[in-house]
Amino acid sequence: MLAGKKVVVIGGSSGIGLSTAELAKREGAEVFIASRNADCLSAVAGKLGVKAIPADVTSDESIASLFRSCGPVDHVVVTAAQLRTGPFKTVAMEDVRATMESKFWGAWRVARSAEIRAGGSLTLVSGYLSIRPRPNSAIVGAANGALESLARSLALELAPVRVNAVSPGIIDTPIRAAMPEQARRDMLAKTAAALPVGRVGTGEDIARQILAFMTIGFATGSIVYLDGGALIT
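What you are looking at is a predicted structure, and each value in this text was computed from that prediction instead of being measured. (Residues numbered from 1 in each chain as written. Predicted model: local features only at pLDDT ≥ 70, side-chain atom pairs only at ≥ 80, totals over all residues. Heavy atoms only, no water.)

On inspection of all chains with the given rule, the structure shows 12 salt bridges. A salt bridge links Lys51 to Glu30, with the shortest nitrogen-to-oxygen separation between them at 2.7 Å. Taken as a pair, Lys51 in strand β3 (residues 51-54) and Glu30 in strand β2 (residues 30-35) lie far apart in primary sequence, 21 residues in all. Classification of Lys51 as partly exposed rests on a relative accessible area of 43%. Each of Asp172, Glu181, Arg184 and Arg185 takes part in a single network of salt bridges with overlapping partners. (Salt bridge = Lys/Arg side-chain N within 4 Å of Asp/Glu carboxyl O. Helix = DSSP H or I, 4+ residues; strand = E, 2+ residues; numbered from the N terminus. Buried < 20%, exposed > 50% of the residue type's maximum accessible area, 1.4 Å probe, protein only.)

In C-alpha coordinates, the structure reads:
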(Lines give C-alpha, C1' and ligand atoms only; values in the text may rest on other atoms or scores of the structure.)
Protein backbone atom coordinates (compact mmCIF):
# COMPACT_ATOMS: atom_id res chain seq x y z
CA MET A 1 0.00 0.00 0.00
CA LEU A 2 3.04 2.29 0.02
CA ALA A 3 3.99 1.82 -3.64
CA GLY A 4 4.62 5.23 -5.17
CA LYS A 5 4.44 7.01 -1.81
CA LYS A 6 7.20 9.27 -0.50
CA VAL A 7 8.23 8.52 3.10
CA VAL A 8 10.64 10.56 5.23
CA VAL A 9 12.11 8.96 8.36
CA ILE A 10 13.93 11.38 10.64
CA GLY A 11 16.24 9.32 12.79
CA GLY A 12 16.35 6.71 10.03
CA SER A 13 19.99 5.69 10.33
CA SER A 14 19.56 3.38 13.34
CA GLY A 15 17.15 1.68 15.70
CA ILE A 16 13.40 2.09 15.22
CA GLY A 17 13.92 4.62 12.43
CA LEU A 18 16.13 2.24 10.47
CA SER A 19 13.61 -0.59 10.87
CA THR A 20 10.86 1.74 9.65
CA ALA A 21 12.89 2.79 6.61
CA GLU A 22 13.64 -0.84 5.76
CA LEU A 23 10.01 -1.87 6.04
CA ALA A 24 8.72 1.11 4.03
CA LYS A 25 11.26 0.39 1.31
CA ARG A 26 10.14 -3.25 1.14
CA GLU A 27 6.56 -2.04 0.77
CA GLY A 28 7.51 -0.03 -2.32
CA ALA A 29 7.87 3.49 -0.93
CA GLU A 30 10.40 6.07 -2.05
CA VAL A 31 12.26 6.53 1.22
CA PHE A 32 14.32 9.44 2.51
CA ILE A 33 16.25 9.03 5.75
CA ALA A 34 17.62 11.90 7.80
CA SER A 35 19.85 12.19 10.85
CA ARG A 36 22.67 14.40 12.07
CA ASN A 37 25.32 11.66 11.73
CA ALA A 38 26.19 12.15 8.05
CA ASP A 39 28.70 9.28 7.82
CA CYS A 40 26.37 6.69 9.34
CA LEU A 41 23.48 8.08 7.30
CA SER A 42 25.34 7.70 4.03
CA ALA A 43 26.40 4.13 4.80
CA VAL A 44 22.86 3.08 5.72
CA ALA A 45 21.34 4.79 2.68
CA GLY A 46 23.73 2.97 0.38
CA LYS A 47 22.91 -0.36 1.96
CA LEU A 48 19.13 0.14 1.78
CA GLY A 49 18.98 1.91 -1.55
CA VAL A 50 17.25 4.98 -0.10
CA LYS A 51 18.02 8.69 -0.22
CA ALA A 52 19.91 10.40 2.61
CA ILE A 53 19.71 14.02 3.76
CA PRO A 54 21.73 15.10 6.83
CA ALA A 55 19.51 17.02 9.24
CA ASP A 56 19.55 18.12 12.87
CA VAL A 57 16.19 18.28 14.67
CA THR A 58 17.54 20.93 17.03
CA SER A 59 18.01 23.40 14.15
CA ASP A 60 15.12 25.31 12.59
CA GLU A 61 17.03 25.91 9.37
CA SER A 62 18.28 22.33 9.09
CA ILE A 63 14.75 20.92 9.26
CA ALA A 64 13.38 23.56 6.91
CA SER A 65 16.17 22.73 4.45
CA LEU A 66 15.39 19.01 4.72
CA PHE A 67 11.82 19.51 3.58
CA ARG A 68 12.77 21.98 0.88
CA SER A 69 14.93 19.19 -0.51
CA CYS A 70 12.21 16.55 -0.20
CA GLY A 71 9.31 18.60 -1.52
CA PRO A 72 5.75 17.37 -0.86
CA VAL A 73 5.69 13.98 0.86
CA ASP A 74 3.11 11.39 1.89
CA HIS A 75 4.33 10.16 5.27
CA VAL A 76 6.75 11.51 7.87
CA VAL A 77 8.10 9.64 10.89
CA VAL A 78 10.09 11.20 13.73
CA THR A 79 12.21 8.86 15.84
CA ALA A 80 15.23 11.15 16.33
CA ALA A 81 16.09 12.23 19.86
CA GLN A 82 19.18 12.80 21.96
CA LEU A 83 18.16 12.11 25.55
CA ARG A 84 20.02 13.29 28.64
CA THR A 85 18.63 12.47 32.03
CA GLY A 86 19.51 11.82 35.66
CA PRO A 87 18.24 12.28 39.21
CA PHE A 88 15.70 15.12 39.30
CA LYS A 89 17.46 17.17 41.97
CA THR A 90 20.90 16.99 40.40
CA VAL A 91 20.52 16.58 36.62
CA ALA A 92 21.93 19.64 34.88
CA MET A 93 19.41 22.11 33.50
CA GLU A 94 21.48 22.14 30.33
CA ASP A 95 20.76 18.41 29.94
CA VAL A 96 17.03 18.61 30.55
CA ARG A 97 16.71 21.54 28.14
CA ALA A 98 18.67 19.58 25.53
CA THR A 99 16.31 16.62 25.91
CA MET A 100 13.23 18.77 25.33
CA GLU A 101 14.96 20.62 22.50
CA SER A 102 15.62 17.36 20.72
CA LYS A 103 12.64 15.15 21.51
CA PHE A 104 9.78 17.67 21.74
CA TRP A 105 10.86 20.78 19.86
CA GLY A 106 12.46 18.59 17.20
CA ALA A 107 9.09 17.00 16.44
CA TRP A 108 7.46 20.44 16.55
CA ARG A 109 9.93 21.72 13.93
CA VAL A 110 9.27 18.75 11.69
CA ALA A 111 5.51 19.17 11.92
CA ARG A 112 5.78 22.87 10.98
CA SER A 113 8.17 22.38 8.07
CA ALA A 114 6.90 19.20 6.41
CA GLU A 115 4.58 19.57 3.45
CA ILE A 116 2.49 16.43 3.83
CA ARG A 117 -0.10 15.65 1.19
CA ALA A 118 -3.78 15.41 2.20
CA GLY A 119 -4.51 11.97 3.61
CA GLY A 120 -0.87 11.43 4.45
CA SER A 121 0.47 10.98 7.94
CA LEU A 122 2.86 12.19 10.59
CA THR A 123 3.90 9.64 13.21
CA LEU A 124 5.74 10.62 16.38
CA VAL A 125 7.57 8.15 18.62
CA SER A 126 7.23 8.85 22.34
CA GLY A 127 7.80 6.16 25.02
CA TYR A 128 5.90 4.50 27.80
CA LEU A 129 7.64 6.53 30.51
CA SER A 130 4.91 9.06 29.74
CA ILE A 131 2.48 6.99 31.79
CA ARG A 132 4.78 4.63 33.68
CA PRO A 133 7.52 6.84 35.14
CA ARG A 134 10.78 5.52 36.54
CA PRO A 135 13.36 7.11 38.84
CA ASN A 136 15.96 9.35 37.22
CA SER A 137 13.88 9.75 34.06
CA ALA A 138 11.49 12.60 34.81
CA ILE A 139 12.52 14.72 31.84
CA VAL A 140 12.15 11.83 29.40
CA GLY A 141 8.68 10.98 30.73
CA ALA A 142 7.70 14.65 30.50
CA ALA A 143 8.96 14.92 26.92
CA ASN A 144 7.10 11.75 25.95
CA GLY A 145 3.87 13.00 27.51
CA ALA A 146 4.23 16.31 25.72
CA LEU A 147 4.73 14.50 22.39
CA GLU A 148 1.56 12.47 22.88
CA SER A 149 -0.42 15.60 23.67
CA LEU A 150 1.09 17.29 20.61
CA ALA A 151 0.03 14.39 18.38
CA ARG A 152 -3.58 14.76 19.48
CA SER A 153 -3.54 18.52 18.94
CA LEU A 154 -1.92 18.26 15.53
CA ALA A 155 -4.49 15.68 14.42
CA LEU A 156 -6.96 18.59 14.55
CA GLU A 157 -4.71 21.38 13.33
CA LEU A 158 -3.14 19.52 10.41
CA ALA A 159 -6.22 17.61 9.19
CA PRO A 160 -6.73 16.05 6.68
CA VAL A 161 -3.14 14.98 7.38
CA ARG A 162 -3.36 12.25 10.02
CA VAL A 163 -1.18 12.50 13.14
CA ASN A 164 -0.52 9.67 15.59
CA ALA A 165 2.06 8.51 18.11
CA VAL A 166 3.50 5.15 19.03
CA SER A 167 4.84 4.69 22.54
CA PRO A 168 7.36 1.83 22.84
CA GLY A 169 8.38 0.01 25.97
CA ILE A 170 11.82 -1.56 26.32
CA ILE A 171 13.25 -2.11 22.84
CA ASP A 172 16.55 -3.81 22.03
CA THR A 173 18.12 -1.18 19.76
CA PRO A 174 21.64 0.31 19.40
CA ILE A 175 20.68 3.10 21.80
CA ARG A 176 21.66 0.65 24.56
CA ALA A 177 25.04 -0.12 23.04
CA ALA A 178 26.74 2.30 25.42
CA MET A 179 25.99 -0.08 28.31
CA PRO A 180 28.55 -2.74 29.20
CA GLU A 181 27.55 -5.79 27.17
CA GLN A 182 26.88 -8.10 30.12
CA ALA A 183 24.87 -5.43 31.93
CA ARG A 184 22.84 -4.87 28.76
CA ARG A 185 22.13 -8.58 28.37
CA ASP A 186 21.17 -8.93 32.03
CA MET A 187 18.83 -5.94 31.88
CA LEU A 188 17.11 -7.19 28.73
CA ALA A 189 16.76 -10.72 30.12
CA LYS A 190 15.28 -9.43 33.38
CA THR A 191 12.87 -7.21 31.49
CA ALA A 192 11.81 -10.04 29.18
CA ALA A 193 11.13 -12.37 32.10
CA ALA A 194 8.78 -9.82 33.67
CA LEU A 195 6.69 -9.24 30.53
CA PRO A 196 3.64 -11.29 29.52
CA VAL A 197 5.09 -11.76 26.02
CA GLY A 198 8.35 -13.13 27.45
CA ARG A 199 10.66 -10.94 25.38
CA VAL A 200 11.68 -7.34 24.82
CA GLY A 201 10.67 -5.49 21.68
CA THR A 202 12.55 -5.09 18.43
CA GLY A 203 12.76 -2.17 16.07
CA GLU A 204 10.61 -4.06 13.58
CA ASP A 205 7.81 -4.45 16.16
CA ILE A 206 7.51 -0.68 16.36
CA ALA A 207 8.07 -0.18 12.64
CA ARG A 208 5.08 -2.38 11.84
CA GLN A 209 2.84 -0.17 13.96
CA ILE A 210 4.24 2.95 12.30
CA LEU A 211 3.43 1.51 8.86
CA ALA A 212 -0.05 0.66 10.11
CA PHE A 213 -0.53 4.34 10.96
CA MET A 214 0.60 5.23 7.44
CA THR A 215 -1.84 2.88 5.76
CA ILE A 216 -4.96 2.91 7.96
CA GLY A 217 -6.80 5.98 6.75
CA PHE A 218 -9.14 6.06 9.76
CA ALA A 219 -6.32 6.41 12.31
CA THR A 220 -5.61 9.89 13.64
CA GLY A 221 -5.10 11.33 17.11
CA SER A 222 -4.26 7.82 18.32
CA ILE A 223 -1.59 6.79 20.81
CA VAL A 224 -0.60 3.12 20.70
CA TYR A 225 1.45 1.66 23.55
CA LEU A 226 3.65 -1.24 22.40
CA ASP A 227 5.36 -2.51 25.53
CA GLY A 228 4.90 -6.27 25.67
CA GLY A 229 2.36 -5.85 28.44
CA ALA A 230 4.51 -3.72 30.76
CA LEU A 231 1.63 -1.39 31.55
CA ILE A 232 -0.52 -4.21 32.92
CA THR A 233 2.12 -5.89 35.08
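Resuming the write-up.
To continue, consider the packing of aromatic side chains. Throughout the structure, instances matching the rule amount to three aromatic pairs. Note on Phe104 and Trp108: the rings are 6.0 Å apart at their centroids and 50 degrees apart in plane angle, and the pair reads as tilted. Pair noted here: Phe104 and Trp108 are both in helix α4 (residues 93-113), with a separation of four residues, about one helical turn. The exposure class of Trp108 is partly exposed, given its relative accessible area of 34%. An aromatic cluster is built from Phe104, Trp105 and Trp108, whose rings are joined through pairwise contacts. (Phe/Tyr/Trp six-rings, centres within 6.5 Å; stacked < 30°, edge-to-face > 60°.)

Attention shifts here to the environment of Val224. Relative to the assigned elements, Val224 resides in strand β7 (residues 223-226). Between the C-alpha atoms of Val224 and Gly46, which are 178 residues apart in sequence, the distance is 32 Å. For Val224, the contacting residues outside a window of four places in its chain are Ala165, Val166, Ser167, Gln209 and Phe213. (Contact = heavy atoms within 4.5 Å.)

So, on to the sheet that holds strand β1 (residues 6-10). Strand order in this open sheet of seven strands is β3-β2-β1-β4-β5-β6-β7, and the pairing throughout is parallel. Pairing within the sheet leaves two strands with one partner each, and these edge strands are β3 and β7. Across the sheet, the mean angle from the axis of one strand to that of its neighbour is 20 degrees, orientation sign disregarded. Here four bridges tie β1 to strand β4 (residues 73-78), and the two strands are oriented parallel to one another. Its bridge partner lying in β4, Ile10 is registered against Val78. Lying on the sheet, helix α3 (residues 60-70) is in contact with β1, β2, β3 and β4; it crosses β1 at an angle near 160 degrees. Running over the sheet, helix α5 (residues 138-157) touches β5 (116-125), β6 (162-168) and β7 and is turned about 160 degrees from β6. (Pairing = 2+ DSSP bridges. Axes fitted to C-alpha atoms, helices over the stretch in contact; angles between N-to-C directions.)

What follows is about the UniProt feature "domain: Ketoreductase" (unreviewed entry) in the chain. Mapped onto this numbering, the UniProt entry annotates "domain: Ketoreductase" (unreviewed entry) at residues 5-173. Regarding residues 5-173, the helix share stands at 44% and the strand share at 22%, and the terminal C-alpha atoms are separated by 27 Å. (UniProt positions renumbered as here; feature names shortened; annotations may be inferred.)

The biggest cluster of nonpolar side chains holds 32 residues, and the ones touching the most others in it are Ile10, Leu66, Phe67, Val76, Leu122 and Leu124. If you list the elements that add at least two residues to this core, you get β1, β2, α3, β4, α4, β5, α5 and β6. Apart from residues no more than four positions distant in its own chain, Leu66 is found in contact with Ile10, Ala34, Ile53 and Ala55. The next biggest cluster of nonpolar side chains, apart from the first, holds 26 residues, and it includes Val9, Ile171, Ile206 and Met214. (Core = buried A, V, L, I, M, F, W, Y, C linked by side-chain atoms within 4.5 Å.)

When you line up the elements, Lys6 lands in strand β1. C-alpha of Lys6 to C-alpha of Val166: the two residues are 160 residues apart in sequence and 20 Å apart in space.

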